[in-house]
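Observations on the model geometry
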Amino acid sequence: MSTLKDFAAELTNSNIARPYLYYVDIVLPPALIGEDKINGAELRRISLFCAGAATPQLNFYTNDNYNEAGIKRRVIYDYDYQDLMLQFYVDQNYTVHKFFDKWKEAITNSRRNFSYPEEYTATSIDVHLIDMQGNVKHSYSFKNIYPKIINSVSLGYGMNGISVLPISFVFETVTSSSEEILPNMVETSIEIKRMGELGNTEMLQTLNAQSIMGENTNGLW
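Residues numbered from 1 in each chain as written. Predicted model: local features only at pLDDT ≥ 70, side-chain atom pairs only at ≥ 80, totals over all residues. Heavy atoms only, no water.

**Things to note about the confidence of the model for the protein chain**
Predicted confidence across the protein chain gives a mean pLDDT of 77, with 72% of residues reaching 70 or more. Within the protein chain, helix H4 (residues 117-120) carries the highest mean pLDDT (94), whereas helix H6 (residues 200-212) carries the lowest (45). Taken together, the stretch residues 194-221 has pLDDT below 50 and engages in 41 contacts with residues farther than four places along the chain or on a different chain. (pLDDT = per-residue confidence, 0-100. Helix = DSSP H or I, 4+ residues; strand = E, 2+ residues; numbered from the N terminus. Contact = heavy atoms within 4.5 Å.)

Laid out in structure tokens, this is it:
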């Protein structure tokens, strides 16, 4: 029989996943690739500034009236995933906001004129779950994806904290994989998420101070 001591030992040995230990990798759609489009530094900042993500939510649909040999069973006949919701910190240069403005313009430049899906659909957005050492332990890859809802950023004189831009994405399929190594930008990503744990006010003060002092902060400013 397991005891509380056994449970504590297992926690120590296995550790517990931290919700801030993740990294989002965005693959640009064709319409945003080019010399006057999005460069690598901007895309890196946007990926690092993903303030919130979630693993895919799967819904199974069941037939509740399935009868087999007189026994009623609930049998699955279909399934789908809910839209992927990501939240992004908005930097002082509004790089994040400008990126999604460009993506919106790639989808439509007028109320009745829409581009072809292959032009504005990204190959994938990947959400990597990492451990304290920066190793990827599990990944989800959302295939053929584009933004469905670009939410507003709230503004106001009486508001305090970090501006956050929520984006809802639709995708065709999602796959998962485990155990791979991520590039060295993991440390920066972890640091941003830890700063987020300080609270909006403390994080804002830290980022503003680094910007005023001219610190590079690993290329984030």
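Now that the structure has been shown, we can carry on.
**Some remarks on the packing of aromatic side chains**
Here the structure, examined in full by the defined rule, presents 12 aromatic pairs. A ring pair is formed by Phe99 and Trp103, whose centres lie 5.7 Å apart and whose planes are at 70°; its orientation type is edge-to-face. Taken together, the positions of Phe99 and Trp103, both in helix H3 (residues 95-107) and four residues apart, correspond to about one turn of that helix. You can call Trp103 buried: its relative accessible area is 0%. (Phe/Tyr/Trp six-rings, centres within 6.5 Å; stacked < 30°, edge-to-face > 60°. Buried < 20%, exposed > 50% of the residue type's maximum accessible area, 1.4 Å probe, protein only.)

**What about the pattern of salt bridges?**
This structure, assessed with the given rule, holds three salt bridges. Linking Arg74 and Asp64 is a salt bridge whose minimum nitrogen-to-oxygen distance equals 3.1 Å. One end of the pair, Arg74, is in strand S4 (residues 71-81); the other, Asp64, is in strand S3 (residues 58-68), with 10 residues separating them in the sequence. Given a relative accessible area of 63%, Arg74 falls into the exposed group. Given a relative accessible area of 39%, Asp64 falls into the partly exposed group. (Salt bridge = Lys/Arg side-chain N within 4 Å of Asp/Glu carboxyl O.)

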